[in-house]
There are 2 protein chains.
Amino acid sequence: MRELKSMDGNNAAAHVSYAFTEVAAIYPITPSSPMADYVDQWSAQGRKNIFGTTVKVAELESEAGAAGAVHGSLTAGALTTTYTASQGLLLMIPNMYKIAAEQLPSVFHVSARTVSTHALNIFGDHSDVMACRQTGFAMMAETNVQEVMDLSAVAHLAAIKGGLPVLNFFDGFRTSHEVQKIQVWDYEDLAEMCDFDAIKAFRDHALNPEHPAMRGSHENGDIFFQHREACNSHYDAFPAVVEEYMDKVNAKLGTDYKLFNYYGAPDADRVIVAMGSICDVIEEVIDYLNAHGEKVGLVKPRLYRPWVSARFCEAIPASCTKLAVLDRTKEPGSAGEPLFQDVITALAQEGRSIGTVTRGRYGLGSKDTPPSSVFAIYAELAKDEPKREFTIGIVDDVTNLSLPEDENCPNTAAEGTIECKFWGLGGDGTVGANKNSIKIIGDHTDKYVQAYFQYDSKKTGGVTVSHLRFGDNPIKSPYYINKADFVACHNPSYITKGFKIVQDVKPGGVFLINCQWNLEELEHHLDAASKRYIAENNIQLYTINAIDLAIKVGMGKRTNTILQSAFFTLANVMPAEDAVKYMKDAAEHSYAKKGMDVVEKNWNAIDAGATAFVKVDVPASWASAEAAPVDVALEGPAATVAVVKKILNPIGKMDGYSLPVSAFAEPHRQDGRLQPARLRLRRPGRRPVPPGRLRL
Amino acid sequence: MRELKSMDGNNAAAHVSYAFTEVAAIYPITPSSPMADYVDQWSAQGRKNIFGTTVKVAELESEAGAAGAVHGSLTAGALTTTYTASQGLLLMIPNMYKIAAEQLPSVFHVSARTVSTHALNIFGDHSDVMACRQTGFAMMAETNVQEVMDLSAVAHLAAIKGGLPVLNFFDGFRTSHEVQKIQVWDYEDLAEMCDFDAIKAFRDHALNPEHPAMRGSHENGDIFFQHREACNSHYDAFPAVVEEYMDKVNAKLGTDYKLFNYYGAPDADRVIVAMGSICDVIEEVIDYLNAHGEKVGLVKPRLYRPWVSARFCEAIPASCTKLAVLDRTKEPGSAGEPLFQDVITALAQEGRSIGTVTRGRYGLGSKDTPPSSVFAIYAELAKDEPKREFTIGIVDDVTNLSLPEDENCPNTAAEGTIECKFWGLGGDGTVGANKNSIKIIGDHTDKYVQAYFQYDSKKTGGVTVSHLRFGDNPIKSPYYINKADFVACHNPSYITKGFKIVQDVKPGGVFLINCQWNLEELEHHLDAASKRYIAENNIQLYTINAIDLAIKVGMGKRTNTILQSAFFTLANVMPAEDAVKYMKDAAEHSYAKKGMDVVEKNWNAIDAGATAFVKVDVPASWASAEAAPVDVALEGPAATVAVVKKILNPIGKMDGYSLPVSAFAEPHRQDGRLQPARLRLRRPGRRPVPPGRLRL
């Protein structure tokens, strides 16, 4: 078995791409930047690719420049790679047509991200890669971090042997930034699979003054069309090359990668077609449903371009009567989103009749897709007349496309998975400490781990929510935790603001609040709904005053180490003394170069945090806590007040997820506009907020 | 009836767009530049739009900048327009997503042009506009110059009332540069149809410091998806707005524009679906076939986005059993090109069953699509098992997708159309003189006219071929003339190079050669095939020595006026004295400001040209002329010699059209590469060509 390491999808793609890359032409854009950053760092460290050379990294002035440099570098005979997303990818489109038509073996690794529309959004969906489906690039899709590791190799190997560039994509943030404990390729294995003859041929045909050839020429109407059709056989041959390398990888790893993989009941009546991280959610739900007597399945296109209709149809069980095709993009005004149209076309081309084929949109801009969404799809498909077009993960009360979802659907996470959730403030060290924790658990136990860090695009100063899972079984679950064994609130202001936090703790689970409050103060700040939830669900409530403690042990404002240590004790992941030891080792590793006094302060914080929490005896009265009447008067133009009440307040309370489509459907809001906040807010017993400022 | 004028599609689009435009943000790219140029000129002349103001024209640093300026200008409340094509359009894609999602009423007029792939190509196809189909723009397609005039108004009016940007496209060169005598909108009619309330609402909601609103914001995963779905009803409503304006236009003009127009037999069994100039070719063939007992038809999508599946299906006769969908783009690796996929999707969505639906590609990079191509499609559809995927206009002897075409298919041009063809050299004045001729015929007779100018992308110094048609019936025929009543070769070197020129003259037609040769010399230079064609087809052969004559009358190298005058006499378009008068008037108009001596020289040239041609008595021996054995030895590397013989020689002889796909199918040629010309050429009786130079 290959070496196991904890890493995210960007790291996995970077690891593989470095092996096959001679030149990386880059320009940073979220969420792809870490890929280029890894490659740049490794290059600076002198790491060798499979050719025994160090990658030459060139940062250009924009993604347009990066794409041009990729094209030029390939033309000069260097295996060249780039990393991008979203608008960055759009700027590469003109060069992509050239690179594809010149049959140059590049790989573009894309952490797929939303293209800006009514608003900017830095998070994940497939609108960027789908804007490139017409360029002639091959396209491959991966579901999770392990697949990024495994199949990125196929992308590079097939590009080299098959003579086409590959756009290799996986979900921005959900896969690019999710940490998983995965098996990592050894470069010797990669070199062993590589077709060095094809590389030699590629280099032999590079631009060379010793044997010049004309390329990038101009052609008129007389010959252009004939010449353009000359590539048909080349494209027809490419899928077999991809299959060949999937087979090689399967032989090495014992996997079963195919152009289109099927998962589920061999005699399924209802099947979903989807690409990207949602596939792992769907598989969890399939396991649950099929274990409970239903017959459902999933087809996962891995080679999206060239699209092989025959292979797609082969992957669907003969028993299937209903198909739902999921697109993680929206193309307003189209006859249907791209994967849906490809599926319809494939069925028509192959003469395959499936009673009902429906289309769904999901996950735009990193909208979370939990199992409840997938249950909803299969439930809808079970109806006699399922909706022909639908959305999941939202409430569409305007065009009524959304499917009803049951928040209390079964928990489909792997048996025995421990789920922990941490609310922090961007820059407070919570995310860093959690990355450290997951590394300790991953490296020093046999447990599988998963970590996902949800944050506002402004990052520093915004709310961060860390989602950590670990357990004895492999973890899929590419969605937010909302049934946690352990939840920590690292910032007391989230309690006073009334964020819904404790509601994610499972009955009997642990809730830890970092605050300077005694019980009386805690009672004052906790809202009635939280109190009732704690009392009714037997939540084990703890407080910890890491704020004062950090000052005391010389850590100043840095509470994260103390809170990390408290987590290890309370969550009982491993023997307490082991956890303390590993945390201390990590602190020494991180801070030794800053001096032993810094290391010792961290050690003191670890020791202090391990025991500094206080169990709160939950008063019986909390079970019947009622909200005190709050009379908040918003003063200002009616339209502005309406926007604040309807939209800005819920968003400010981290409850924007609950907003339905109707909140945005007014004519002058659906185009992305919002009224400005020009109003005054008065709350009884507080001093008036000065004009121009708002407490939301 | 509206005023009739002779103009090309760019002029028509510019005329309409100027009426509705307050700001034009532009950057020039072939073949769209003249649109922006017209608007810029009219603006400089102080012409008023329908709001009584002059268009403000801003030329940006690139198309990316132009698109950004369009976005900004719209956001500030100005009706803003741009004009572009090909890579220029690709650079606008990122802003297009924003403009669409913000529901801003812009029109992008696009003279659709090839996107560069294995080679640059400045000519027409739909690969550029199809790369934008996912942006959320509405899209409208026009077939010919008159439609550009009529429907561009619908694009602007619907954008304003419906609140969406429209990408309004027509075929680059074929429509953008084809001169037709068309009816021209009066701005009062346009103003009458315009929804000024909608414009007021648009302006009221522009960025304004008096009533600020937030826009272009950032949204996280909590609300982005819901907000994105809020536009659904807006898109659903747009097609009805387009229909409303089509109806208004129909009421004014007596036209019958619909979202999807049907042409042909109401009980057709075979139907083509297509957009752009090919529709007029198809209609000619439909008229012929249906007049000869067949039942065929055509569906023309005019509103391509938002795509209305129900309306599309309604347009297909119930009797239709076979459908061929034509795309003027190629998306290698796709399940099918976009219009084909939309048709398949529409049929599936509407539950409409058509026995056979095939897909065809045509016209890439301005490959000409003559009636023979369309006959071939209907013939193929008549087969029991028509090809599921095909190409027309080329010979694909590699993947065998092309349909067999009969060059001697019926002439489908309108009854009584006179067809004339002129071979010139870029910069020799042939094109300019022909534009002048067509204007004279268009303005001073009741005849319909059409002029199309075919040239190499290097323009000056390249071969130009002018295609002029005129007649008493409306002219469709958007394809090259290859059965001409009159053909002139303005450059004697084309004869010595052996271009196939006279072969396009109809039996009994006129062939005029500009040369300094006597009969003996002419016999020497004309190749045997041309001689036989002349003799066997009773071609009326004339020579004219415009070269010496031009010097004599003081025109120096300018032979074009003499040759134009000769054309008017020989083609007998109008009474000779009238033609001379109009030509002289035009010369005075053009050159008066350069002084009367220049005008008089032109007048002399006109007088001289009218009679300076010489009828050649074709020797009977020409009927049996045989080619003298020509032993051309090409010396050089075998691969290079092969390229010259197989590819470069036919292209050099203006016969590249005859090259099949196999000429480009070798692995190192299908990617756009060609061997360099490093060889020596020896021809008996001529001095050796120095190395590095070639006579092709």
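For the structure, see preceding data.
Heads up: these notes are all about the structure in this document.

## Quick word on the overall build of chain A
Alright, step 1. Secondary structure assignment for chain A yields 23 helices and 24 strands.
Alright, step 2. Over its C-alpha atoms chain A spans a radius of gyration of 27 Å, differing by no more than 12% from the 26 Å that the globule rule assigns to 696 residues.
Alright, step 3. With respect to the three principal axes, the spread of C-alpha positions in chain A is 85 × 65 × 55 Å.
Alright, step 4. The buried share of chain A, reckoned over its 696 residues, is 62%.
Alright, step 5. For chain A, restricting intrachain contacts to residue pairs at least 6 apart in sequence, the fraction spanning at least 24 positions comes to 77%.
Alright, step 6. Accessible area of chain A: about 25000 Å², with a carbon and sulfur share of 50%.

## Here we look at the relation of the copies chain A and chain B
Alright, step 1. Superposition record for chain A on chain B: RMSD 0.1 Å, screw rotation 180 degrees, translation along axis 0.0 Å. Classification of the inter-copy transformation places it as that of a two-fold axis.
Alright, step 2. A high fraction, 100%, of the interface residues of chain A reappear at the interface in chain B, so the copies pair face to face through one surface.

## Quick word on the packing of helix α1 (residues 9-20) of chain A against helix α6 (residues 145-162) of chain A
Residues and elements named next belong to chain A.
Alright, step 1. Here α1 crosses α6 at 25 degrees, and the two axes come no closer than 8 Å. Judged on the interaxial angle alone, α6 and α1 are roughly parallel. As for how α1 packs across α6, the hand of that crossing is right-handed. Between α1 and α6, the contacting residues are G9, A12, A13, H15, V16, S17 and F20 on the first element and V145, V148, M149, S152, A153, H156, L157 and I160 on the second.
Alright, step 2. When its residues are assigned to classes, the contact of α1 with α6 shows 10 nonpolar, 5 polar and no charged.

## Remarks on the interface of chain A and chain B
Alright, step 1. Counting residues at the interface gives 102 residues for chain A and 103 residues for chain B.
Alright, step 2. At the boundary of chain A and chain B, one finds 4 salt bridges.
Alright, step 3. Across the pair E229(B) and K330(A) runs a salt bridge whose closest N-O atoms are separated by 3.3 Å.
Alright, step 4. Between chain A and chain B we count 53 residue pairs in polar contact (both at pLDDT 80 or more) in total.

## Focus: the nonpolar core
Alright, step 1. Core analysis: the largest hydrophobic core is formed by 219 residues, its most contacted members being F312(A) and F312(B).
Alright, step 2. Setting aside anything within four residues of it in sequence, one finds F312(A) in contact with F260(A), V273(A), V299(A), W307(A), V343(A), A346(A) and L347(A).
Alright, step 3. Counting residues in each nonpolar core, the second largest holds 48 residues, with Y480(B), A550(B), M555(B) and A579(B) among its members.

## A few points about the sheet that holds strand β6 (residues 138-141) of chain A
Residue and element names in this part refer to chain A.
Alright, step 1. Pairing is mixed in the open sheet, where 7 strands are placed in the order β3-β2-β4-β5-β7-β6-β12. Each of the sheet's edge strands pairs with one partner strand only, and the pair in question is β3 (56-59) and β12 (303-305). Mean inter-strand twist for the sheet, computed between neighbouring axes without regard to direction, equals 20 degrees.
Alright, step 2. Taken together, the 4 bridges between strand β4 (residues 80-84) and strand β5 (residues 107-112) define a ladder with parallel strand orientation.

## Here's the deal with the pattern of salt bridges
All names here are of chain A.
Alright, step 1. Applying the stated rule across the entire model yields 74 salt bridges over all chains.
Alright, step 2. When the shortest N-O distance is used, the salt bridge between E102 and K98 registers 3.2 Å.
Alright, step 3. A relative accessible area of 5% means that E102 is categorised as buried.
Alright, step 4. On the basis of relative accessibility, which here comes to 12%, the residue K98 falls in the buried class.
Alright, step 5. For the salt bridge of E666 with K646, the shortest nitrogen-to-oxygen distance reads 3.0 Å.

## Quick word on the pairing of strand β13 (residues 322-327) of chain A
All names here are of chain A.
Alright, step 1. Within β13, 6 of the 6 residues are buried, which leaves the element mostly enclosed by the surrounding structure.
Alright, step 2. The alternating pattern of β13 places K322, A324 and L326 and L323, V325 and D327 on opposite faces, both of which are buried.
Alright, step 3. Where strand β10 (residues 270-273) and β13 come together, 4 bridges link them in parallel fashion. By the bridge assignment for β13, V273 is matched with V325.

## Focus: the sheet that holds strand β7 (residues 166-171) of chain B
All names here are of chain B.
Alright, step 1. Strand order in the open sheet formed by 7 strands is β3-β2-β4-β5-β7-β6-β12, and the pairing between neighbours is mixed. Two strands in the sheet have a free side with no partner beyond their single neighbour: β3 (56-59) and β12 (303-305). Strand-to-strand twist across the sheet, computed as the mean angle between neighbouring axes with direction ignored, equals 20 degrees.
Alright, step 2. Where strand β6 (residues 138-141) and β7 come together, 4 bridges link them in parallel fashion. Looking at β7, one finds that A141 is bridged to F169.
Alright, step 3. The strands touched by helix α3 (residues 63-75) within the sheet are β2 (23-26), β4 (80-84) and β5 (107-112), with β4 carrying the most contacts at an inclination of about 165 degrees.

## Here's the deal with the packing of aromatic side chains
Residues and elements named next belong to chain A.
Alright, step 1. If you walk through the whole model with that rule in mind, you get 42 aromatic pairs over all chains.
Alright, step 2. Their ring planes at 80 degrees and their centres at 5.6 Å tell us that Y288 and F375 sit as a pair that is edge-to-face. Taken together, the residues span a long stretch of sequence, with Y288 in helix α11 (residues 278-291) and F375 in helix α14 (residues 371-381) at a distance of 87 residues.
Alright, step 3. With a relative accessible area of 27%, Y288 lands in the partly exposed category.
Alright, step 4. An aromatic cluster of at least three residues, connected via ring pairs, comprises F260, Y304, W307 and F312.
Alright, step 5. Seen from the ring of Y452, R174 lies directly overhead, with NZ or CZ sitting 3.9 Å from the centre.
Alright, step 6. It is R305 that lies over the ring of Y304; its NZ or CZ is 4.3 Å from the centre.

What counts, and where the lines are drawn
Residues numbered from 1 in each chain as written. Chains lettered and ligands numbered in written order. Predicted model: local features only at pLDDT ≥ 70, side-chain atom pairs only at ≥ 80, totals over all residues. Heavy atoms only, no water. Helix = DSSP H or I, 4+ residues; strand = E, 2+ residues; numbered from the N terminus. Rg over C-alpha atoms; globule rule 2.2 N^0.38 Å. Buried < 20%, exposed > 50% of the residue type's maximum accessible area, 1.4 Å probe, protein only. Contact = heavy atoms within 4.5 Å. Areas by Shrake-Rupley, 256 points an atom, 1.4 Å probe, with all protein chains shown as cover. Least-squares fit on C-alpha atoms with pLDDT ≥ 70 in both. Axes fitted to C-alpha atoms, helices over the stretch in contact; angles between N-to-C directions. Parallel < 35°, antiparallel > 145°, perpendicular 65-115°, else oblique. Left-handed = near helix turned anticlockwise from the far one by under 90°. Nonpolar A, V, L, I, M, F, W, Y, C, P; charged D, E, K, R; others polar. Salt bridge = Lys/Arg side-chain N within 4 Å of Asp/Glu carboxyl O. Polar contact = N/O pair within 3.5 Å; in protein donor to acceptor, adjacent residues only side chain to side chain. Core = buried A, V, L, I, M, F, W, Y, C linked by side-chain atoms within 4.5 Å. Pairing = 2+ DSSP bridges. Phe/Tyr/Trp six-rings, centres within 6.5 Å; stacked < 30°, edge-to-face > 60°. Lys NZ or Arg CZ within 6 Å of the ring centre and 35° of its normal.

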